[in-house]
Every structure is written in C-alpha cells, then in structure tokens.
Amino acid sequence: SVFEILEGTEHYADIGELPRVDHSRAVKKYARSAAASEAARPEQIRPPKILLSTMQYLIQNIVDTPSATAPFIDVHNFLRDRTRS
C-alpha cells in the first residue's frame, strides 16, 4: 500500500523494481481464514495494548493524511482492510 512504502522508493517501478516496505509503518493486511479452520480471536493475534496503539497509529497517521497526498477512497480502503485484520 502507498501508506507503507519506504519514502524514496515509490518510483522504483519506473526502473522495474518494487517499492520497498517501511516495516515501521506496515500494518498486517486482512486475510480470510481457511473454511475448515477456526478463526482466531483478535486478542489471540494482537494484545489489546497493541490493538490500541495500532488504531491510534491508523487514526493519527492515515486518517489525517492530506487529501492531496492520498485520495479519500485509498484511505478508506486501507483503513477498512487493516481494521478487519
């Protein structure tokens, strides 16, 4: 996602490479569990303290992104996906 790309690498696609991920800004993407397996509860994946800090990060750093930097639909889609995970 554009919100997780390491600054300065966003134009790597122009030279045939993929942009690099900034791991300090990356948030786990939603993945549906297999039909036969039991879905994990959120508290098993991220402790409540981490869930809170993740939500604070998303609100402070993604929701408050100027619309000139990222279109609203991109912000919406990113937040919807990351809050589902």
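Just so it is clear, the structure is predicted and the values come from calculations on it, not from any experiment. (Residues numbered from 1 in each chain as written. Predicted model: local features only at pLDDT ≥ 70, side-chain atom pairs only at ≥ 80, totals over all residues. Heavy atoms only, no water.)

Engineer: Outline the overall build of the protein chain, listing residues and values.
Structural biologist: A tally of regular secondary structure across the protein chain gives three helices and zero strands. A buried classification covers 22% of the 85 residues belonging to the protein chain. Sequence separation of 24 or more characterises 45% of the internal contacts of the protein chain that already satisfy a separation of 6 or more. On the protein chain, roughly 6600 Å² of surface is accessible, and the fraction owed to carbon and sulfur atoms is 57%. (Helix = DSSP H or I, 4+ residues; strand = E, 2+ residues; numbered from the N terminus. Buried < 20%, exposed > 50% of the residue type's maximum accessible area, 1.4 Å probe, protein only. Contact = heavy atoms within 4.5 Å. Areas by Shrake-Rupley, 256 points an atom, 1.4 Å probe, with all protein chains shown as cover.)

Engineer: Before we move on, could you go through a nonpolar patch on the surface and cite the residues and values that matter?
Structural biologist: Nonpolar side chains collect at one region of the surface, where Met55, Ile59 and Val63 lie side by side and expose about 250 Å² of accessible area between them. By secondary structure assignment, the location of Val63 is in helix H2 (residues 48-63). Given the relative accessible area of 43%, Val63 is considered partly exposed. (Patch = residues over 30% accessible without salt bridge, like charges linked within 9 Å, V, L, I, M, F, W, Y side chains within 5 Å. Salt bridge = Lys/Arg side-chain N within 4 Å of Asp/Glu carboxyl O.)

Engineer: Go over the layout of surface pockets with me, naming the residues and quoting the values.
Structural biologist: To find leftover empty space, one rolls a probe the size of a water molecule over the atoms. Here the second largest pocket defines a volume of roughly 230 Å³. Lining the second largest pocket we find 13 residues, and of these Val2, Phe3, Ile5, Arg25 and Thr69 sit closest to its centre. Class assignment of the residues belonging to the lining of the second largest pocket gives a composition of seven nonpolar, three polar and three charged. (1 Å grid on protein atoms, 1.4 Å probe; cavity = no way out; pocket = protein on both sides within 12 Å on 5 of 7 lines; lining within 4 Å. Points joined across faces, edges and corners; volume = space filled by probe spheres on them. Nonpolar A, V, L, I, M, F, W, Y, C, P; charged D, E, K, R; others polar.)

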